[in-house]
Amino acid sequence: MSAHTDQIATAPATMAPPRRGRTAAQRLQGVLAHVVWIWLAGLIVIFGLLNPFFFSIPNLQNVLVQATVLGLLGLAQSLVLLVAEIDLSIAAVTGISSALGALLIQRTGVPVGVGVVLGIALATGIGFINGLCVTKLRMVSLIESLGMMITLQGGLLAITRGNTITDLPDSYYWIGQATIGGWPVMPVVLLAAFLLMGFTLRRTVLGRSLYATGGNAAAAFVAGIRVPQVKIIAFTLSGFISGIAGYLLAAWQMAITSNQGDGFLLYAIAAPIIGGVSVFGGRGGTLGILGGVLLLTVIHVGLAIVYVPSFYVTMIGGVLIFIAVAVDALRVNVLGEG
């Protein structure tokens with residue numbers, strides 16, 4: 001009886017240390033999960049102190065507009081990352097799809113709406129082809145999409161002949177220039193896209209299939225999920241969203257250059273990873289992606305406001321990508337998150 005009593009008395013002492021260890025890990029995990037918002041808040045304060053104009057309404061509107069195209073491309077990349085693949089062609093897709101639509105409007109006289117839809121359809125088709133190559137031909141997505149990117153960049157240069165496309169109808173530019181109550185319309189598209197993506201990932205069979213495929217493709221296949229089809233859908237939707245981003249970029253800039261969209265690729269990869277989308281697939285959410293997009297946009301705008309030379313922005317972007325991958329590896333390897 002005394003031995004039994006001793007065991008009962010000592011049980012809480014033996015259980016206490018593991019509980020404290022788990023709590024510490026959970027706290028660290030919570031910090032890492034929200035680190036993007038911590039960075040964002042800190043940078044907003046720093047830039048605001050360096051230049052009070054950063055807190056102004058016009059600057060807030062500028063941040064939201066600039067975040068729109070990057071945000072859409074971040075969502076496009078996230079779909080592919082969730083299934084443990086990568087698409088390097090999304091930025092090139094934005095350029096060639098918008099250029100094709102604009103040239104059809106200019107040279108054949110098709111209505112603006114038809115030209116825009118055909119451009120987005122081209123982008124969707126390119127995404128579908130990427131998905132087929134990765135799943136049916138078993139090509140490595142990194143190399144396949146790199147080849148597609150180079151091809152599309154060359155195609156854009158060829159169809160524009162190195163010139164900038166301008167002089168399109170005012171209705172083509174409307175969504176990139178219009179305001180309602182003094183606020184730009186473009187960010188509304190971004191908000192709608194994030195809400196729809198969040199619903200899709202969390203509330204639909206497709207969303208659960210994306211996570212399952214990226215988390216463990218073999219287990220997903222055994223569970224009855226058609227892994228190749230899910231990956232094709234991910235690439236196709238990625239192309240579709242990239243096409244929308246391409247049109248918005250053209251409408252905002254009121255021009256399409258021969259290298260349209262090239263500067264967005266690395267940041268479109270960095271934004272979701274910084275926001276918690278795993279490079280190993282199967283993990284991530286829209287709130288984190290939004291945080292990554294806003295963080296990178298705030299850095300670009302903030303550095304310009306405090307008069308930092310533009311070439312430092314590229315260097316800082318590279319550092320952020322490195323930090324993002326390091327944080328992601330810490331989540332997976334040290335904390336066992338996944």
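Residues numbered from 1 in each chain as written. Predicted model: local features only at pLDDT ≥ 70, side-chain atom pairs only at ≥ 80, totals over all residues. Heavy atoms only, no water.

Here's the deal with the pattern of salt bridges
Taken as a whole, this structure holds one salt bridge when the rule is applied. Between E85 and K231 there is a salt bridge, with the nearest N and O atoms lying 2.8 Å from each other. Here K231 lies in helix 11 (residues 227–253) and E85 lies in the loop between helix 3 (57–82) and helix 4 (90–108), a separation of 146 residues in the sequence. (Salt bridge = Lys/Arg side-chain N within 4 Å of Asp/Glu carboxyl O. Helix = DSSP H or I, 4+ residues; strand = E, 2+ residues; numbered from the N terminus.)

Details of the environment of P184
Checked against the element boundaries, P184 lands in strand 2 (residues 183–184). In sequence terms P184 and N62 are 122 residues apart; their C-alpha atoms lie 8.9 Å from each other. The contacts of P184, once residues within four sequence positions are left out, are Q61, V65, A178 and T179. (Contact = heavy atoms within 4.5 Å.)

Some thoughts on helix 7 (residues 170–177)
Among the residues making up helix 7, those that are buried are Y172, Y173, I175 and G176. Taken down its axis, helix 7 places every buried residue within 145° of arc, on the same side. Away from its buried face, by an angle of more than 90 degrees, helix 7 presents the exposed residues D170 and W174. For helix 7, the elements touching its buried residues are helix 4, helix 5 (112–135), helix 8 (186–203) and helix 11. (Buried < 20%, exposed > 50% of the residue type's maximum accessible area, 1.4 Å probe, protein only. Arc of directions from axis to C-beta.)

Re the side chain of T297
Secondary-structure assignment places T297 in helix 13 (residues 286–305). A polar contact of 2.8 Å, which involves the side chain of T297, links it to the backbone oxygen of V293. When neighbours within four sequence positions are excluded, T297 is seen to be in contact with V63, Q66, A67 and L70. (Polar contact = N/O pair within 3.5 Å; in protein donor to acceptor, adjacent residues only side chain to side chain.)

Remarks on the packing of aromatic side chains
Using the criterion set out here, one finds four aromatic pairs in the structure. Both rings, one in Y172 and one in Y247, keep their centres 5.1 Å apart while their planes meet at 80°; by these two values the pair is edge-to-face. Of this pair, Y172 sits in helix 7 while Y247 sits in helix 11, and the two are 75 residues apart along the sequence. The exposure class of Y172 is buried, given its relative accessible area of 2%. What makes Y247 buried here is its relative accessible area of 15%. The rings of F47, F54 and F55 are connected pair by pair, giving a single aromatic cluster. (Phe/Tyr/Trp six-rings, centres within 6.5 Å; stacked < 30°, edge-to-face > 60°.)

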